[in-house]
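# Overview (structure and organization)
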Amino acid sequence: MGGGEQMKSEMHEEPRQHDGEEVTESKLREWLQAFGLAKRATEEEQMQFIGVARELQLNPFKREIYLVVYTGDYRTCSIITGYEVYLKRAERLKVLDGWKVWIEGEGEKMVGRAMIYRKDWSHPFEWEVHFPEVVQKKKDGSVSPVWLKQPKFMLRKVCLAQA
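Residues numbered from 1 in each chain as written. Predicted model: local features only at pLDDT ≥ 70, side-chain atom pairs only at ≥ 80, totals over all residues. Heavy atoms only, no water.

### Side note on the pairing of strand 2 (residues 65-70)
In regular strands, side chains alternate between the two faces of the sheet. Side chains of strand 2 alternate between two faces, with Ile65, Leu67 and Val69 buried and Tyr66, Val68 and Tyr70 left unburied. In this sheet, strand 3 (residues 76-81) lies alongside strand 2 in antiparallel orientation, the contact comprising 6 bridges. Of the residues in strand 3, the one forming a bridge with Ile65 is Thr81. (Buried < 20%, exposed > 50% of the residue type's maximum accessible area, 1.4 Å probe, protein only. Helix = DSSP H or I, 4+ residues; strand = E, 2+ residues; numbered from the N terminus. Pairing = 2+ DSSP bridges.)

Pasting the structure below:
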């Protein structure tokens, strides 16, 4: 994905069924086990994750939903929806007319910008995110490895998901 990315909506999905495969509790528990989260997440956190994934029919094996456990000064967890889920859902509405996301600036001054075009709107929706506000950091305050390695990619993902 380069500087000014744009995608025209040409794909029209029918209602979501995961190729006929339902997202079941046993499949979700299999994923939690495979990624070591069965031991790291409490039973209550696992049940919340399973409930959200089943209700929305999101499959973690397809990178549509994640459970992330954070440790440190205080312990918490987050249920994260993959950004591509938002794109697929927007396409299913058949009003998405494309999108564009790009990065301006460098380092701490980077800003991610997005424009979403809909067939039923006369003007695009515009959104921006600032790197210092969304960059993930470790408990010591240093930038997390994935954000160090791919800051522009991560900023684009956050910007698009929020837009």
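Moving on from the coordinates now.
### A look at the packing of helix 4 (residues 83-92) against helix 7 (residues 151-162)
Packing of helix 4 against helix 7 leaves a shortest axis separation of 9 Å and a crossing angle of 40°. Considered as vectors, helix 4 and helix 7 are oriented oblique to each other. Regarding helix 4 and helix 7, the two cross each other, and that crossing is left-handed. Where helix 4 approaches helix 7, its residues Tyr83, Tyr86 and Leu87 are matched on the opposing element by Lys157, Leu160 and Ala161. Its residues assigned to classes, the contact of helix 4 with helix 7 comprises 5 nonpolar, no polar and 1 charged. (Axes fitted to C-alpha atoms, helices over the stretch in contact; angles between N-to-C directions. Parallel < 35°, antiparallel > 145°, perpendicular 65-115°, else oblique. Left-handed = near helix turned anticlockwise from the far one by under 90°. Contact = heavy atoms within 4.5 Å. Nonpolar A, V, L, I, M, F, W, Y, C, P; charged D, E, K, R; others polar.)

### Points about the packing of helix 1 (residues 25-34) against helix 3 (residues 43-56)
Here helix 1 crosses helix 3 at 130°, and the two axes come no closer than 10 Å. By the angle class used here, helix 1 and helix 3 are oblique. The handedness of the crossing between helix 1 and helix 3 comes out as right-handed. Seen from helix 1, the contacting residues are Glu25, Leu28, Arg29, Trp31 and Leu32; seen from helix 3, they are Glu43, Gln46, Met47, Phe49, Ile50, Ala53 and Arg54. Each residue belonging to the contact of helix 1 with helix 3 can be placed in one class, and the counts come to 7 nonpolar, 1 polar and 4 charged.

### Section: the packing of aromatic side chains
A complete count under the given rule lists 4 aromatic pairs for this structure. On the basis of an interplanar angle of 15° and a centroid distance of 6.1 Å, the ring pair of Phe125 and Trp127 is categorised as stacked. Relative accessible area serves as the criterion here: at 30%, Phe125 is assigned to the partly exposed category. Aromatic ring contacts, followed pair by pair, group Trp31, Phe35 and Phe49 into a single cluster. The ring of Phe61 has Lys27 sitting right over it, with the charged end atom 6.0 Å from the ring centre. Between Lys100 and the ring centre of Trp102, over which it is positioned, the NZ or CZ distance is 5.0 Å. (Phe/Tyr/Trp six-rings, centres within 6.5 Å; stacked < 30°, edge-to-face > 60°. Lys NZ or Arg CZ within 6 Å of the ring centre and 35° of its normal.)

### Brief notes about the nonpolar core
Trp99, Val129, Phe131, Val134, Trp147, Leu155 and Leu160 are the most contacted members of the largest nonpolar core, which has 20 residues in total. The greatest single-element share of this core, amounting to 5 residues, is contributed by helix 7. When sequence neighbours within four positions are dropped, the list of residues in contact with Leu155 reads Ile103, Met110, Val111, Gly112, Val129, His130, Phe131, Val134 and Trp147. Formed by 15 residues, the second largest nonpolar core is a distinct cluster that contains Val23, Trp31, Leu32 and Cys77. (Core = buried A, V, L, I, M, F, W, Y, C linked by side-chain atoms within 4.5 Å.)

### Remarks on the layout of surface pockets
Of the voids in this model, the largest pocket is the one considered here, and its volume is about 1,200 Å³. Forming the walls of the largest pocket are 31 residues, and the residues nearest its centre are Val68, Tyr70, Ile80, Gln136 and Met154. Mapped onto the lining of the largest pocket, the elements with two or more residues apiece are strand 2, strand 3, helix 4, helix 6 (145-149) and helix 7. Grouping the amino acids of the lining of the largest pocket by side-chain chemistry returns 15 nonpolar, 8 polar and 8 charged. Lining the second largest pocket are 14 residues; nearest its centre among them are Tyr86, Ala90, Leu96, Ile116 and Ala163. (1 Å grid on protein atoms, 1.4 Å probe; cavity = no way out; pocket = protein on both sides within 12 Å on 5 of 7 lines; lining within 4 Å. Points joined across faces, edges and corners; volume = space filled by probe spheres on them.)

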